[in-house]
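# Summary of the model geometry
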Amino acid sequence: MESLMIILVGILVSVGTYLILSRQMIRIILGTAILSHAVHLLILTVGGLKKGGVPLLSQSDGPYTDALPQALILTAIVISFATTAFLLVLAYRTYKTNGSADFHELRGMSDE
Amino acid sequence: MNNLIVLPLIIPIITAVLLVFLRESIMLQRIISLLTMIAVSSITLILLNIVQAEGIIRLDFSGWLPPFGILFVADSFALLLVFTASIVTTICLIYAFSTIGNRHEKMFFYPFVLFLIAGVNGSFLTGDIFNLFVCFEVMLLASYVLVALGGEIGQLRESLKYVLINVVASWMFLVALAYLYGTLKTLNMAHIAERVAEVGQDPLLTTVAILLLLVFSLKAGLLLFFWLPGSYSVPPAAIQALFAALLTKVGIYALIRTFTLMFPLDQGITHTIIGIMAGATIIAGCMGALSGRDVYTIATYNVIIGVGFILIGLAVGTESALTGAVYYLMHDMVAKALLFLLIGMMIYLTGETVVKNMSGLIRNYPLFGWIYFIMMLALAGIPPLSGFVGKILIGQGAIEERAYVLLAIGFASSIIVLYSLLRVFLASFFGETTISFEDRKPIPKGAYVSFCLLAISIIYIGVGAETLSVYVKDAVHTLVNPSIYIDAILKEGA
Amino acid sequence: MKINDVILRTVVKGVVFIILTLGVYLFFSGHNAPGGGFIGGLVLGSGIVLLYITYDLETIQSKMPFDFKKVAALGVLLATGSAIGSLYFNAPFLTQTDGYFNIPILGEKHLSTVTIFEAGVALTVIGTLVTIILSISEDE
């Protein structure tokens, strides 16, 4: 199961990387979203995939499931939700003001 | 347990939220935000003195004992940085009152500055590496908004790149955390340090350490600074000063914490890499500062040189080098804030950004000119100003460790810093004035107050280094003996 | 161009109540089962966004005259307020407490201050979600 998950993470990372390397804003943002999902799965996997155990130490004699990866992932999901939402709004405004969603046309510092 | 530790994080957050409801009354927003920052600074000062008396204190959130819960740890190093950051923010706020303009103030400028400082203080104080990630994100989200606030073409374009770079960096941070958790099964920084010491720093852990190095380097602008000049040039001066003073310093703090506390064992690899990166950063920063024709380029590359110089202290890693790094960190926060505020004022007065188009400012604004002069000398490291103590101690450490190349690069960079800033001084402040005495714009009083306060801080850090040395010594003592930090967290809880 | 959205409007009138109820259910079930403030807030927020999509901005804003930025701020205030409440009792920051109370009609119920924290989270999520959607759609 773990190897399957790691392969899935690998696929997601490569998809995300491919999207990030493109020039279109919206693809890049989708790429970051996919990357963050990949790392959430990674945290879940390296935390150990166990079924059936309870996460509370006083509730049974074990084996216990580690609940911490889930808490970490929830936090990371909230943060990536906020960042992605902000990025989308920012990208939209940039598109409106600059008239382009292509990063190739958004280069340059002093040529206002 | 001492609930005071959480106040530098929670007071700014609560005030920021209250200010959202006071959107229309700008005067009230200014007063409240200023009072908040003064309160945070004084609380930190109190905490700093408590730590001197009682040793490291910690606060276990909701009573979960380490290593299970999230906790805040207050040692001298963190508190010194929180204190400096809060003071600098207070002064930048004073500058912002007279310059930032109504439009920004109504678009929640003050709440976001307070969120930024909450994230910065949280990053300094936390004792849990995942919590460090969360505080980083609080700080970064506020900074994303502050870069884009105003919505001009350049701002939107640069902020998009800034956000994307940081999203990718945060992603790598999470990957590093995943592997760290997978190998060590803990995220408490002291507990990580203990387990690393138990199992030895095997190649897998060194890889995780290098991944963390990469992440923090991106945030600190250590070698991976390509995003920095663009995004630091677009927002208004008060925000630039905050960024230059705080954001890269949080990355540096994280680097120092990681490689003195958690992964100090494989110095042959990690500290060599840091040394090479620091040297390369300084060289690249010097090239940028020399080639720049507009003040923004010169100032942003000076930030990069500063980052490289502080990390020489970490790369060398002796007690005196780390003492120098702590002094230089504090100096750099104050001096870089002043640099950016002064440059913002120069641009406001002349309407120009290119150095050679400005001229003769010192005739109309003598005090302004001399404050620039003081700041320049401090950044170059001339005694008795603030840069001197840090430079001399880092230099001493480098000689002890026979790191002569880094020493040469570091001290050569002082000359370049002096040259690049002197060029601005000679071209823009001396020479024929282009604006007649009658046509000149007055400098707002609030701006003068903030310049003077920062200049006084610079002189104080230099002249009063002796009074600070109690705190700095304690901070470095903990840095070179991580067992003090580990015991303070794990011994009582066990 | 005005599209014919009779079906959408009719369906939404019924469905929106189901969505909002589900949101409230998820919010309360979060204490011992999957759910909680974040998820409940997301469902409630998407219910509100669905209303905005089906009817136009003005109609909904006249019926629901909230500034969603302030809703988010109120949420953060509630969450941090419940966290620093513990400072008053000299307990570590973020300490939560719970207990069993006998409430008329409902009988003995388990109440916890975590619910206040969760309510703060839910309000924050609703506030930010709707603010984001509105800030994109407003300038069309």
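What you see is a predicted model; the values in this text were computed from it and never measured. (Residues numbered from 1 in each chain as written. Chains lettered and ligands numbered in written order. Predicted model: local features only at pLDDT ≥ 70, side-chain atom pairs only at ≥ 80, totals over all residues.)

What follows deals with the overall build of chain B. The helix and strand inventory of chain B stands at 21 helices and two strands. Relative to a compact globule of 494 residues, whose C-alpha radius of gyration would be 23 Å, chain B shows 22 Å and is just as compact. By principal-axis analysis of the C-alpha atoms, chain B measures approximately 70 × 55 × 45 Å. Put simply, chain B has 494 residues, and 63% of those count as buried. Intrachain contacts of chain B at a sequence separation of at least 6 include 81% that bridge at least 24 residues. (Helix = DSSP H or I, 4+ residues; strand = E, 2+ residues; numbered from the N terminus. Rg over C-alpha atoms; globule rule 2.2 N^0.38 Å. Buried ≥ 20, exposed ≤ 12 C-beta atoms within 10 Å, placed from the backbone. Contact = placed C-beta atoms within 7 Å.)

With that settled, the discussion passes to the pairing of strand E2 (residues 71-74) of chain B. Residue and element names in this part refer to chain B. What you see with E2 is no split at all: Leu71 and Val73 on one side and Phe72 and Ala74 on the other are buried throughout. Strand direction decides the pairing type here: strand E1 (residues 57-60) and E2, joined by four bridges, are antiparallel. If you follow Arg58 over to E2, its bridge partner there is Val73. (Pairing = 2+ DSSP bridges.)

The next subject is the UniProt feature "transmembrane region" (unreviewed entry) in chain A. Residue and element names in this part refer to chain A. Following the UniProt record, the feature "transmembrane region" (unreviewed entry) maps to residues 6-21, 28-47 and 67-92 here. In residues 6-21, helix accounts for 94% and strand for 0%; the two terminal C-alpha atoms are 22 Å from one another. Strand forms 0% of residues 28-47 and helix 95%; the C-alpha atoms that close the span are 29 Å apart. (UniProt positions renumbered as here; feature names shortened; annotations may be inferred.)

All right, on to helix H3 (residues 76-99) of chain B then. In an α-helix, one turn spans 3.6 residues, which is why side chains three or four residues apart end up on the same side. All names here are of chain B. Relative to the 34 Å expected for 24 residues at 1.5 Å per residue, H3 spans 34 Å between its end C-alpha atoms, a close match to the ideal helical length. Burial runs high along H3: 23 of the 24 residues are buried. Immediately downstream of H3, the backbone of Gly101 shows phi near 95 degrees, a positive value. (Expected span 1.5 Å × (residues − 1).)

Let's shift gears to the interface of chain B and chain C. Counting residues at the interface gives 14 residues for chain B and 14 residues for chain C. Breaking the side of chain B that touches chain C down by element, the ones donating at least two residues are helix H1 (7-21) and E1 of chain B. With six residues, the single largest contributor to the side of chain B that touches chain C is H1(B). Among the residues forming the side of chain B that touches chain C, the class breakdown is ten nonpolar, three polar and one charged. (Nonpolar A, V, L, I, M, F, W, Y, C, P; charged D, E, K, R; others polar.)

We now examine the environment of A:Leu35. Tracing the backbone shows A:Leu35 in helix H2 (residues 25-46). A residue is classified by how many C-beta atoms lie within 10 Å of it, and A:Leu35, with 24 of them, is buried. Sequence separation between A:Leu35 and A:Gly48 is 13 residues; the distance between their C-alpha atoms is 20 Å. Discounting residues that sit within four places of it in the chain, A:Leu35 has contacts with A:Val13, A:Gly16 and B:Trp171.

Residue and element names in this part refer to chain B. Residue Pro67 follows Pro66 across a cis peptide bond; omega there is 5 degrees. Tracing the chain through its elements places Pro67 in the loop between E1 and E2. Look at the link from Pro383 to Pro384: it is a cis peptide, with omega at 5 degrees. With respect to the helices and strands, the residue Pro384 is situated in the loop between helix H16 (366-380) and helix H17 (386-400). Located in the positive-phi region is Ser62, a residue other than glycine, with phi close to 50 degrees. Residue placement: Ser62 occurs in the loop between E1 and E2. Not every positive phi belongs to a glycine, and Phe108 is a case in point at roughly 65 degrees. Along the chain, the position of Phe108 falls in the loop between helix H4 (102-106) and helix H5 (109-125).

Of the residues lining the interface, 26 residues belong to chain A; the matching set on chain B comes to 24 residues. Per element, the largest residue contribution to the side of chain A that touches chain B is 14 residues, and it comes from helix H3 (residues 68-98) of chain A. For the side of chain A that touches chain B, a count of residues per class yields 16 nonpolar, eight polar and two charged.

All names here are of chain B. The N-to-C vectors of H1 and H5 enclose an angle of 165 degrees; their axes lie 8 Å apart at closest approach. What the angle tells us is that H1 and H5 run roughly antiparallel. The element H1 and its partner H5 pack so that their crossing is left-handed. Between H1, through Pro8, Leu9, Pro12, Ile13, Thr15, Ala16, Leu19 and Val20, and H5, the contact on the second element is made entirely by Tyr110, Pro111, Leu114, Phe115, Ile117, Ala118, Asn121, Gly122 and Leu125. Looking at the contact of H1 with H5 residue by residue, the class counts come to 14 nonpolar, three polar and no charged. (Axes fitted to C-alpha atoms, helices over the stretch in contact; angles between N-to-C directions. Parallel < 35°, antiparallel > 145°, perpendicular 65-115°, else oblique. Left-handed = near helix turned anticlockwise from the far one by under 90°.)

What follows covers the UniProt feature "domain: NADH:quinone oxidoreductase/Mrp antiporter transmembrane" (unreviewed entry) in chain B. Under the local residue numbering, the UniProt record ascribes the feature "domain: NADH:quinone oxidoreductase/Mrp antiporter transmembrane" (unreviewed entry) to residues 128-416 of chain B. In residues 128-416 of chain B, helix accounts for 83% and strand for 0%; the two terminal C-alpha atoms are 39 Å from one another.

It is worth spelling out the packing of helix H1 (residues 6-29) of chain C against helix H2 (residues 37-54) of chain C at this point. When two helices pack together, their arrangement is given by the angle between the helix axes and the distance between those axes. Residues and elements named next belong to chain C. Between H1 and H2, the least distance of the axes is 8 Å, while the angle of their chain directions is 165 degrees. In terms of orientation, H1 lies roughly antiparallel with respect to H2. The way H1 lies across H2 gives a crossing that is left-handed. Only Gly37, Ile39, Gly40, Val43, Leu44, Gly47, Leu50, Leu51 and Thr54 of H2 make contact with H1, whose side of the interface consists of Leu8, Arg9, Val12, Val16, Ile19, Leu20, Leu22, Gly23, Val24, Leu26 and Phe27. Looking at the contact of H1 with H2 residue by residue, the class counts come to 14 nonpolar, five polar and one charged.

Residue and element names in this part refer to chain A. With respect to the helices and strands, Leu41 occurs in helix H2. Judged by C-beta crowding, with 17 C-beta atoms within 10 Å, Leu41 ranks as partly exposed. Between the C-alpha atom of Leu41 and that of Val9, which follows or precedes it by 32 residues, the distance is 6.6 Å.

Core analysis: the largest hydrophobic core is formed by 256 residues, its most contacted members being B:Leu311, B:Val326, B:Ala337, B:Leu338, B:Leu342, B:Met375 and B:Ile458. Considering each element in turn, this core owes the most residues, 20 residues, to helix H14 (residues 319-350) of chain B. (Core = buried A, V, L, I, M, F, W, Y, C linked by C-beta atoms within 7 Å.)

Attention shifts here to the pairing of strand E1 (residues 98-103) of chain C. Residues and elements named next belong to chain C. Of all the six residues making up E1, zero are buried; the element is thus mostly uncovered. The sheet contact formed by E1 and strand E2 (residues 107-112) spans six bridges and is antiparallel. Paired with Gly99 across the strands is Leu111, a residue of E2. In this antiparallel pair of consecutive strands, E1 and E2, the connection spans three residues, and Ile105 shows a positive phi of 70 degrees.

Residues and elements named next belong to chain B. Along its 18 residues, helix H9 (residues 203-220) runs 25 Å from first to last C-alpha, staying within 8% of the 26 Å computed at 1.5 Å per residue. Among all positions in H9, only Leu205, Val208, Ala209, Leu212, Leu213, Val215, Phe216, Ser217, Leu218, Lys219 and Ala220 are buried. Considering only its buried residues, H9 is in contact with helix H7 (153-184), helix H8 (189-199), helix H11 (237-262), helix H12 (267-291) and helix H13 (295-316). Positive backbone phi, approximately 80 degrees, marks Gly221, located one or two places after H9.

Right, let's get into the confidence of the model for chain B. In the predicted model, chain B carries a mean pLDDT of 91, and the fraction of residues at 70 or more is 99%. No element of chain B has a lower mean pLDDT than helix H21 (residues 482-493) of chain B, at 83, and none a higher one than H5(B), at 95. (pLDDT = per-residue confidence, 0-100.)

Another aspect to go through is the confidence of the model for chain A. Of the residues in chain A, 86% reach a pLDDT of 70 or more, and the chain-wide mean stands at 84. Confidence scores differ between elements of chain A, with H3(A) showing the lowest mean pLDDT of 88 and helix H1 (residues 2-20) of chain A the highest of 94.

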